[in-house]
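# Structural features, examined
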Amino acid sequence: MKLETFGWDIDADGIAHAVFDVPGRSMNTLTGKAVADIIAIANEVASNDDIKGLVISSGKPSGFCAGADLGEMGQRAGGGEKKELSEAELKKQQFDQGFALNGTLRKLETCGKPVAVALNGLALGGGLEVALACHYRVAANDNPKLQFGLPEAKIGLLPGAGGTQRLPRLVGVQAALPLILQGESFNAEKALAMGVVQELAASSDTVGKAKAWVKANPTAKAPWDEKGYKVPGGVPHKSPGAGQVATMANMMLSSKTYGNYPAQKNILSCIYEGIQVPIDAGLRIETRYFINTQQRPEAKAMIRSLFLSMQELSKGANRPAGHPKTEFKKIAVIGAGLMGAGIAYVQAKAGIPTVLVDVSKENAEKGKDYSRRLVDKDVSRGKSTKEKGDALLDLITTTDSYDDVKGADLVIEAVFENEELKAKITGMAEAVLDEDAVFGSNTSTLPITGLAKASKRPENFIGIHFFSPVERMGLVEIISGKETSEATLAKAIDYVLAIRKTPIAVNDSRGFYTSRCFGTYTREGMEMLAEGIKPAIIENVGRQCGMPMGALEVSDSVGLDTALKVTRATAEAAGVDLQSDDRTQFLAWLVEDQGRVGRKAGKGFYDYNEKGKPERLWPDINKMIEVKVEECPPELKKELTSRFLVRQAIEVARCFDEGVITDARDADIGSILAWGFAPFTGGCCSYVDLFWGIKEFVAEADRLAAKYGERFEPPAVLRDMAAKGEGFYDRFPPAGTKAKAAA
């Protein structure tokens, strides 16, 4: 028997030992070759009379198996190429391919010989499913990184190798549902308590313990193959308690996903239907739902963006090649307000010595207090120790003197959005910096090329845009100005990776990429309000189409006074008479006459409680605007959904058209992490490519433009892509270096 991803031997007692060890990988995954090996192992164990039992383990210190190879799976997700087969032949082919591992694990489970697995580290997704198909599971109790779980739902899939059938049969439907629907992971102790594993041992002893069990249990069976087996807690169609669990799960699922995540719906169906029949039938049910889920555009979009692209960008895939990696010995943060304080904290948490500068030592200390509060919270919750917290705080030096900035590899300026103030700080910092130090401005809107005019070394000047709250937001937008060098971009990306965040790289423009596109959602909500659509409809459709908040609530969070300033500036730039512009007049009334400036004041479009949570939409929103639409039939919901999502995607396309962004991965990840674009779509580019198709999307944009105005007008790049049948990932594929926008 020739195996490519497993080691293999049989000891003197006839116990076979299969050691999972995919060549050239730091972690085992279920590649096509690995699945082929598992099929060969199952056949050998079942047919070879000299083999009395099997122990499976990992040859990698990182753990047992991280699950399916999502690179391979991503190529198959979303349907794929349909060969010339009849519908019946195609369905049979898809089922046979989908059932290959599922059927093999069932064959291993029923081979009449004991099978045990030694789990030395993480076992996720398909890795846990392989383990669940074994009769006995021994887990390491000395590996703090050990994790078990079925996280497939997080990337638009469902467990397809028995996870939806074996886990509920093992721990009960009520305990299994949140683990599978939410993709929750759990440690060895919880696994033992639930019965997912039967024994804990030191890592070095897990294989020995597994072999000992195999020798002692020659007639082992899975619990569900024993006569008289009953599902713990009962099954939904027979037990009132289990039935109530299924009903409540369905209600909660609908309220949280709005039907946008077919994987969760199919998981619930898998468990509900499969648990009522023998496991062999349940596994076939699971495979059918798995194929259905895998072929949905949501699966391809989420695998590509939320796993593959996220992983690539988090490793610096958009970093220019040919520049040495920077190790940061000292970084200065100028401005100890909310943003600067948060930046100082994440730097110190990453182990980087940080100088926090403000106009006074007292102000700088107030900024450091932010870190103290976060540290105290982590210590009180057991997430850190006092010693670790003190060490983190010791890395932050507060000062009012620029002499302390000397020797910094990088300076992050995080002061108010004022060009004169930023120019003054640039000069003061550069006076003490080394020639090769980088100056980064944490600005959300001001063009970097303009700010760099205050610099003696504009090639070393770059935008580094954080999102608030810094410690919780995982994205950083890096903006290259006209003269920013590739070496500076490389150093900025090294910095973002060093503080364990995900960088996207864009080119200069007012608002850059994220701030510019973010505003289209809130403005479209304002347009709907001005048209007389009931505010509750606007908010509900916004959430139901996949956005984290309704458009009016987002406006409250940003600040309606800020929105008024932007609206007035935009109207003036467009030559619009402010007195005749209904939207401007409405916002002015809301902010200046009613004093409703948003969440920060406890009142805006919403009324907020003392904790800053929205309690209700303000009843008098429509005093200035007549409500003309009070009901939302399906066709209106579809129209409003299209307006919300297409409008955002159009602005993203304009950013590509103008060279602001040049990589579809950056665009997709940025749209999800920066402003919460519907995650199930995989981001704005994937929404266009996979949920519409470029020609259909352009046609829809033209329809909306004719009905609602030029804000929906497709830019030239979209029309050219449509003419050539290209999607965003065809036209703007991942590149080793970032293309610079034309001057």
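Numbering of residues begins from 1 in every chain and follows the order in which that chain's sequence is written. Predicted model: local features are reported for residues with pLDDT of at least 70 only, side-chain atom pairs are reported and counted for 80 or more only, and whole-chain, interface and lining totals are derived from all residues. As a rule here, side-chain values come from all non-hydrogen atoms in the structure, and water together with hydrogens is ignored.

### Describing the overall build of the protein
Put simply, DSSP marks the helices as runs of H or I at least four residues long and the strands as runs of E at least two long, and each gets a number from the N terminus on. Across its full length, the protein holds 29 helices and 20 strands. A radius of gyration in this sense is built from C-alpha atoms; the matching globule rule multiplies 2.2 Å by the number of residues raised to 0.38. For 743 residues, the compact-globule estimate of 2.2 N^0.38 gives 27 Å, and the protein sits close to it at 29 Å. In terms of principal-axis extent, the alpha carbons of the protein reach across some 85 × 60 × 55 Å. Here the term buried applies to any residue with accessible area under 20% of the maximum for its type, exposed to any over 50%, and partly exposed to those in between, with areas from a 1.4 Å probe on protein chains only. Sorting the 743 residues of the protein into buried and exposed places 55% on the buried side. The contacts of the protein with a sequence gap of at least 6 include a subset with a gap of at least 24, amounting to 74%. Any two residues whose heavy atoms approach within 4.5 Å are treated as being in contact.

### Considering the sheet that holds strand β3 (residues 53–58)
Hydrogen bonds between backbone atoms are what pair the strands of a sheet, whose relative direction is either parallel or antiparallel. Two strands pair under a simple rule: DSSP has to find at least two bridges between them. Pairing within the open sheet is mixed, and its six strands lie in the order β1-β2-β3-β5-β7-β10. Taken across any chain shown, the strands that pair with only one partner, and hence form the sheet edges, are β1 (6–10) and β10 (199–201). On average, adjacent strands in this sheet sit at an angle of 20° to one another, irrespective of strand direction. Where β3 lies against strand β5 (residues 115–119), three bridges are found, and the strand directions are parallel. Following the sheet pairing, Ile56 is matched in β5 by Val117. Contacts from helix α1 (residues 32–47) reach β1, β2 (15–20) and β3 within the one sheet, and its direction differs from that of β1 by about 15°. For every element, the axis is a line fit to its C-alpha atoms; helices are fit only across the contacting stretch, and the angle between N-to-C directions ranges from 0 to 180 degrees.

### Let's talk about the nonpolar core
Only buried residues count toward a nonpolar core, which is a set of Ala, Val, Leu, Ile, Met, Phe, Trp, Tyr and Cys residues joined through side-chain atoms within 4.5 Å. Tyr513, Phe605 and Phe728 are the most contacted members of the largest nonpolar core, which has 99 residues in total. Counting residues per element, this core draws most heavily on helix α24 (residues 634–657), at eleven residues. When sequence neighbours within four positions are dropped, the list of residues in contact with Phe728 reads Ala653, Phe656, Ala664, Cys685, Val688, Asp689, Leu718, Met721 and Pro733. Counting residues in hydrophobic clusters, the runner-up holds 69 residues, among them Ala18, Val35, Val197 and Val231.

### Focus on the pairing of strand β11 (residues 331–334)
Every second residue of β11 is oriented toward a common face, with Ile331 and Val333 on one face and Ala332 and Ile334 on the other, all of them buried. Across four bridges, β11 lies against strand β14 (residues 410–413) in parallel orientation. Residue pairing in the sheet places Ile331 in a bridge with Leu410 of β14. In this sheet, strand β12 (residues 354–357) lies alongside β11 in parallel orientation, the contact comprising four bridges. By the bridge assignment for β12, Ile331 is matched with Thr354. Each parallel crossover has a hand, and for β11 linked through helix α13 (residues 338–349) to β12 it is right-handed. We call a crossover right-handed when, viewed with the strands running away from us, the connection from the first strand over the helix to the second turns clockwise.

### A short note on the sheet that holds strand β13 (residues 396–399)
The eight strands lie next to each other as β13-β12-β11-β14-β15-β16-β17-β18, forming an open sheet whose pairing is mixed. The open sheet is flanked by β13 and β18 (502–507), the only strands paired with a single partner. Strand-to-strand twist across the sheet, computed as the mean angle between neighbouring axes with direction ignored, equals 25°. Across the sheet, helix α16 (residues 419–430) touches β11, β14, β15 (438–441) and β16 (461–465), and the angle it forms with β15 is around 160°.

### A word on the pattern of salt bridges
A pairing counts as a salt bridge when a side-chain nitrogen of Lys or Arg comes within 4 Å of a carboxyl oxygen of Asp or Glu. Counting across every chain of the model gives 42 salt bridges. In this structure, the salt-bridge partner of Arg654 is Glu651, at a minimum N-O distance of 3.3 Å. On the criterion of helical spacing, the pair formed by Arg654 and Glu651 is a turn pair, its members being three residues apart in helix α24. Accessibility assignment for this pair places Arg654 and Glu651 in one class, buried.

### What to know about helix α28 (residues 716–724)
Residues of α28 that are buried include every one of Val717, Leu718, Met721 and Ala722, and no others. Buried residues of α28, seen end-on, are gathered within an arc of 135° and therefore sit on one face of the element. The exposed residues of α28 that point more than 90 degrees off its buried face are Ala716, Ala723 and Lys724. Looking at the buried positions of α28, the neighbouring elements they touch are α24, α27 (694–708) and α29 (728–731). After α28 finishes, the residue Gly725 shows a positive phi value of roughly 70°. Arc, as used here, means the arc of the directions from the helix axis to the C-beta atoms.

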